[in-house]
Amino acid sequence: MMLYCRLLGAVLLVCTGFAAGQAYCQRLWTQWRAVCGFERLLTYLADQLAFCALPSAELLAAAAEHPAFAAYCPPNATSFAELRLPPPLAKTCGAELHAGLHTIALCSRQQAPQTMRTLAALCHRTAQGQYATAQQAAVLAPKLGLCGGLLAAILLWPAG
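Conventions adopted
- Residues numbered from 1 in each chain as written.
- Predicted model: local features only at pLDDT ≥ 70, side-chain atom pairs only at ≥ 80, totals over all residues.
- Heavy atoms only, no water.
- Salt bridge = Lys/Arg side-chain N within 4 Å of Asp/Glu carboxyl O.
- Helix = DSSP H or I, 4+ residues; strand = E, 2+ residues; numbered from the N terminus.
- Buried < 20%, exposed > 50% of the residue type's maximum accessible area, 1.4 Å probe, protein only.
- Disulfide = S-S within 2.5 Å.
- Core = buried A, V, L, I, M, F, W, Y, C linked by side-chain atoms within 4.5 Å.
- Contact = heavy atoms within 4.5 Å.
- Patch = residues over 30% accessible without salt bridge, like charges linked within 9 Å, V, L, I, M, F, W, Y side chains within 5 Å.
- Areas by Shrake-Rupley, 256 points an atom, 1.4 Å probe, with all protein chains shown as cover.
- Axes fitted to C-alpha atoms, helices over the stretch in contact; angles between N-to-C directions.
- Parallel < 35°, antiparallel > 145°, perpendicular 65-115°, else oblique.
- Nonpolar A, V, L, I, M, F, W, Y, C, P; charged D, E, K, R; others polar.

A. Region of the structure containing the pattern of salt bridges. Under the definition given, this model contains one salt bridge. For Asp 47, the salt bridge goes to Arg 117, with nearest N and O atoms at 2.8 Å. Of this pair, Asp 47 sits in helix 1 (residues 2-51) while Arg 117 sits in helix 4 (residues 112-156), placing them 70 residues apart in sequence. For Arg 117, a relative accessible area of 33% gives the class partly exposed.

B. Inspection of the state of the cysteines at higher detail. Applying the stated criterion across every chain yields a total of zero disulfides. Here Cys 147 is not disulfide-linked; the sulfur of Cys 15 is the nearest cysteine sulfur, at 13 Å.

C. View of the nonpolar core. In this structure, Phe 38, Leu 42, Leu 45 and Leu 97 are the most contacted members of the largest nonpolar core, which totals 33 residues. The set of elements that each furnish at least two residues to this core consists of helix 1, helix 2 (56-64), helix 3 (87-106) and helix 4. The greatest single-element share of this core, amounting to 10 residues, is contributed by helix 1. Not counting the four nearest positions on each side in its chain, Leu 45 is found in contact with Leu 59, Leu 60, Ala 63, Phe 80, Leu 83 and Met 116.

D. Representation of the side chain of Thr 126 in the model. Structurally, the position occupied by Thr 126 is in helix 4. The class for Thr 126 is buried, based on a relative accessible area of 15%. What Thr 126 contacts, discounting residues up to four positions off in sequence, is Val 35, Leu 89, Thr 92 and Cys 93.

E. The environment of Ala 71, seen in detail. Of note, Ala 71 is situated in the loop between helix 2 and helix 3. Residue classification places Ala 71 among the exposed positions, given a relative accessible area of 52%. Along the sequence, Ala 71 and Leu 146 sit 75 residues apart, while their C-alpha atoms lie 34 Å from each other.

F. Quick peek at the environment of Glu 39. You can see Glu 39 is positioned in helix 1. The exposure class of Glu 39 is buried, given its relative accessible area of 17%. Considering only alpha carbons, one finds Glu 39 and Ala 138, 99 residues apart in sequence, at a separation of 23 Å. Contacts of Glu 39, omitting those with residues within four sequence positions, involve Ala 120, Cys 123 and His 124.

G. Up close: a nonpolar patch on the surface. Among the surface-exposed residues, Leu 3, Leu 7 and Trp 157 lie close enough to one another that they form a single nonpolar patch of about 290 Å² accessible area. Relative to the assigned elements, Trp 157 resides in the segment after helix 4.

H. Layout of the packing of helix 1 against helix 3. At a closest axis distance of 12 Å, the pairing of helix 1 and helix 3 adopts a crossing angle of 10°. Looking at the two axes, helix 1 sits roughly parallel to helix 3. The segment helix 1 lies against helix 3, with Gln 31, Val 35, Phe 38, Leu 42 and Leu 49 engaging Pro 88, Leu 89, Leu 97, Leu 101 and Ile 104. Taken together, the residues of the contact of helix 1 with helix 3 break down into nine nonpolar, one polar and no charged.

Here you go:
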């Protein structure tokens, strides 16, 4: 009976290691999707700036109604500088994005869409890097988690 309990514990450690690797991959894919979502928001706003003569508060209110963009648009936002950056972008290029979003308020109506597209391109480059990282982690992380769980099971297995 004691052997079965030890064996069950070892199997659970291996499964937990694998699950930890899977959870890490899932987190990376979620971050990539958040960056892509923010890039789509900036592209949407650039198109709206180019083709609609609406104030930024109305554009942000319209964007906030889209479920894909609601997480980035705070309620009653009046300027593009109030957009919420996803955490991966805040870490990598947050200062650049905030500066660019502040600049849009000072730009002419003709220059604002191009500035917004430039910011979207910055997000796109970041998303490409995150995609490559997530793709690599999808291959390695579950295997590393599995090996880590197996190592923990071996180290915790009583000698004798």
